[in-house]
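Here are the chains, one letter per residue:
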Amino acid sequence: MNDVRFEFEVYSEDYVQGGSVSSDIKKYLHQIGINQKLIRKIVICSYEAEMNIIIHSLGGNLILEIKQDLILLISSDKGPGIKDITLALTAGYSTAGSKAREMGFGAGMGLPNMKKNSDLFEITSCPNGTNIKMSYYI
Amino acid sequence: MKINEILNLIKGKLVTSPCENLNENVYLKAFACDLMSDCLAFVNENCVLITGLTHPQALRTAEMLDIDCIIFARGKNINQEMLDFAIRNNMILITTNYTVYEVSGILYNNGLEGLRI
């Protein structure tokens, strides 16, 4: 199979559509025959990343790249960035507001979940935006 | 544990079910939680989800984790948006007037185990 790349726009505060991109990603990974366990890991990361963009950022996108022996999931947003990445990666730490909590989010498990469920987790953040690159070996 | 048994034990109302035969699906474990990020962090196998959260994101979370049976405690109502989503995704939705604590206790006492996290 040739390398493929999909880019999905995710909008700030789009709580109604929240999760629809991850749902599409899940269906596509099923279609191309990726194994169930790996799909689960990828969609947990994708859903957490998608909700993070919706809850915390000014909008951004999710990119899915499928290569010969590697799947990349890249979350990229337009800011305002994470002040303290180490703190944000601590399980239980959250800056989410009441709207996120109404939806069952804001438990401070998002970034730790993404790190735990990816084979390689790289994050950079500044006031202009946060970029998270998650790699999965097929 | 079969759906019929769950319904009887918790005096549940079946809101939607894709299966005509309610003895078709058998569940061995359950997870009770209102925090969807915790579900994403800790659900590691097929189980019944017991929750008081009647937000569409509860169903989105279930979709991501391949959870197909959700029990809504505390007499919460399911809105049309959630109902449509559940039907599209072949989910079984049950409501009950019992609290999450009571539902968990009743089902646990009758053999539905908790997830090992």
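Look above for the structure.
What you see is a predicted model, and the numbers here were worked out from it, not measured in a lab.

(A) Quick peek at the pattern of salt bridges. By the definition in use, this model includes 8 salt bridges over all chains. The salt bridge involving Glu7 of chain A is made with Arg5 of chain A; its shortest N-O contact spans 3.3 Å. Residue Glu7 of chain A is classed as partly exposed on the basis of its relative accessible area of 48%. Arg60 of chain B serves as the salt-bridge partner of Glu63 of chain B, at 3.1 Å between the closest nitrogen and oxygen. With Glu63 of chain B and Arg60 of chain B both in helix H3 (residues 56–64) and 3 residues apart, this pair spans about one turn of that helix. Considered together, Glu63 of chain B and Arg60 of chain B belong to a single accessibility category, that of buried residues. Residues joined by salt bridges that share partners form a network here, namely Arg5, Glu7, Glu65 and Lys67 of chain A.

(B) Focus on the interface of chain A and chain B. Listed by partner, the interface residues are 24 residues for chain A and 20 residues for chain B. Between chain A and chain B the total buried area reaches about 1,900 Å² when both faces are included, carbon and sulfur atoms providing 50% of it. Together, Lys26, Arg40 and Tyr47 of chain A form the three largest contributors to the area buried by chain A at its contact with chain B, with a combined 30%. At the junction of chain A and chain B, the tally comes to 1 salt bridge. Residues Asp66 of chain B and Lys26 of chain A are paired through a salt bridge, measuring 2.6 Å at the closest nitrogen-oxygen approach. Looking at the side of chain A that touches chain B, the elements that each hand over two or more residues are helix H1 (20–31), helix H2 (36–56) and helix H5 (110–116) of chain A. When residues in the side of chain A that touches chain B are grouped by element, the largest group, 7 residues, is from H2 of chain A. Classifying every residue of the side of chain A that touches chain B gives 9 nonpolar, 9 polar and 6 charged.

(C) Molecular detail of the environment of Glu9 of chain A. All names here are of chain A. Topologically, Glu9 is positioned in strand S1 (residues 4–10). Exposure remark for Glu9: the relative accessible area of 43% places this residue in the partly exposed category. For the pair Glu9 and Ser76, spaced 67 residues apart in sequence, the C-alpha to C-alpha distance is 9.8 Å. Sequence-distant contacts of Glu9, that is, excluding residues within four places in its chain, are made with Val21, Gly60, Asn61 and Lys78.

(D) Seen up close, the side chain of Arg40 of chain A. By the element assignment, Arg40 of chain A lies in helix H2. Look past the residues within four positions of Arg40 of chain A in its chain and what remains in contact with it is Val43, Asn44, Glu45, Leu65 and Asp66 of chain B.

(E) The arrangement of the layout of surface pockets in detail. Here the largest pocket defines a volume of roughly 630 Å³. Forming the walls of the largest pocket are 37 residues, and the residues nearest its centre are Asn52, His56, Ile82, Thr95 and Leu111 of chain A. When residues of the lining of the largest pocket are traced back to their parent elements, those giving at least two are H2, strand S3 (70–77), helix H4 (98–102), H5 and strand S5 (129–137) of chain A. Per-element accounting of the lining of the largest pocket gives the leading share, 7 residues, to H2 of chain A. Classifying every residue of the lining of the largest pocket by side-chain character gives 18 nonpolar, 14 polar and 5 charged. In this structure, the second largest pocket occupies an estimated 260 Å³ of space. Lining the second largest pocket are 13 residues, with Lys37, Arg40 and Lys41 of chain A together with Val43 and Asn44 of chain B positioned closest to its centre.

Conventions adopted
- Residues numbered from 1 in each chain as written.
- Chains lettered and ligands numbered in written order.
- Predicted model: local features only at pLDDT ≥ 70, side-chain atom pairs only at ≥ 80, totals over all residues.
- Heavy atoms only, no water.
- Salt bridge = Lys/Arg side-chain N within 4 Å of Asp/Glu carboxyl O.
- Buried < 20%, exposed > 50% of the residue type's maximum accessible area, 1.4 Å probe, protein only.
- Helix = DSSP H or I, 4+ residues; strand = E, 2+ residues; numbered from the N terminus.
- Contact = heavy atoms within 4.5 Å.
- Buried area = accessible area lost by both parts, 1.4 Å probe.
- Nonpolar A, V, L, I, M, F, W, Y, C, P; charged D, E, K, R; others polar.
- 1 Å grid on protein atoms, 1.4 Å probe; cavity = no way out; pocket = protein on both sides within 12 Å on 5 of 7 lines; lining within 4 Å.
- Points joined across faces, edges and corners; volume = space filled by probe spheres on them.

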